[in-house]
Amino acid sequence: DVADLMRGLAAGEIVAYYQPKATLKDKRGWFIDGVEALARWQHPRLGVVMPDEFIPLAARSGVISDLTSAMLDQALRQIRDWDAEGLRLKGAVNLPPSLVTDLSFPDRLAAILANNQLDGSQLTLEITETATMQDPTKTMDILTRLRVKRIGLALDDFGTGFSSLTQLYQMPFDEMKIDKSLVINIPHSREANTMVSSLVELGHNLGLTICAEGVENRAALDLLAILGCDRCQGFFISRALPPSDIPSFVSHWNTAMITSSIQNVG
């Protein structure tokens, strides 16, 4: 219930796990250079509770703003700590609809970045297209102020709604995330392959970076490279990991990519 969620948030039980994101570097392969922060509730009685179970409750009860602030604070502190260890990763955090129309949010976020001595370019905020439709004028004001601070803005779950094209060229996004419902089918569906290919081309023509979600096998990863997709994430690369596991994972994955690219050249 809401009281338990508020108690858990106050007790620091809501923690960030990080799903690696890979970028296609020339023809050398996919290299991990970023992570998406995803909330996990380490409940004293129920164990690890997944976000599907508590994010809707947080959104309905108004706790979502505090939860997002906690996630931003954790993620930015973690990125700063990895920076200090010589591991430079860009972090992404989901932004709920309520904060897309909160005019005080850009300044609050700037303060969190400053506290962690980070540049805005090391953060991307992921926003669903439905969130941008609530109050387009206010949303445009807020997103523009965030882009001025060099913070990345990704249009999340693209391909699941109806107003996408308008949002894409009117709002100051710099990344489009193709929804996993399309990506998951590209190895065995000509229609899904055509859709993803068209979205990559459309996004590139609008000057956007394209990220594919839901990469679950090698066939999908290889097809995305052929289609010219820029970034990707999914279970084939890795599930969301606790922060302590990220440095070794990134090292192993990127070393394997370097090795395979050298062998291919040879």
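See above for the structure.
Residues numbered from 1 in each chain as written. Predicted model: local features only at pLDDT ≥ 70, side-chain atom pairs only at ≥ 80, totals over all residues. Heavy atoms only, no water.

Let's talk about the pairing of strand β4 (residues 90-94)
At step 1: Alignment of strand β2 (residues 29-43) against β4, held across four bridges, turns out to be parallel. When the bridges of β4 are listed, Gly34 appears paired with Lys90.
At step 2: Here four bridges tie β4 to strand β5 (residues 123-128), and the two strands are oriented parallel to one another. Across the sheet, the residue bridging to Ala92 is Thr124, located in β5. (Pairing = 2+ DSSP bridges. Helix = DSSP H or I, 4+ residues; strand = E, 2+ residues; numbered from the N terminus.)

Describing the pattern of salt bridges
At step 1: Applying the stated rule across the entire model yields 17 salt bridges.
At step 2: A salt bridge links Asp4 to Arg7, with the shortest nitrogen-to-oxygen separation between them at 2.9 Å. Taken as a pair, Asp4 and Arg7 lie in helix α1 (residues 2-10) at a separation of three residues, close to a single helical turn.
At step 3: Residue Arg231 is joined to Glu175 by a salt bridge in which the shortest nitrogen-to-oxygen separation is 4.0 Å. Linking Arg231 in strand β9 (residues 231-232) with Glu175 in strand β7 (residues 175-178), this pair joins segments that are 56 residues apart in sequence. An identical accessibility class is assigned to Arg231 and Glu175; each is buried.
At step 4: Connected through shared salt-bridge partners, Lys21, Asp33, Glu36, Glu126, Glu175, Lys177, Glu213 and Arg231 make up one network. (Salt bridge = Lys/Arg side-chain N within 4 Å of Asp/Glu carboxyl O. Buried < 20%, exposed > 50% of the residue type's maximum accessible area, 1.4 Å probe, protein only.)

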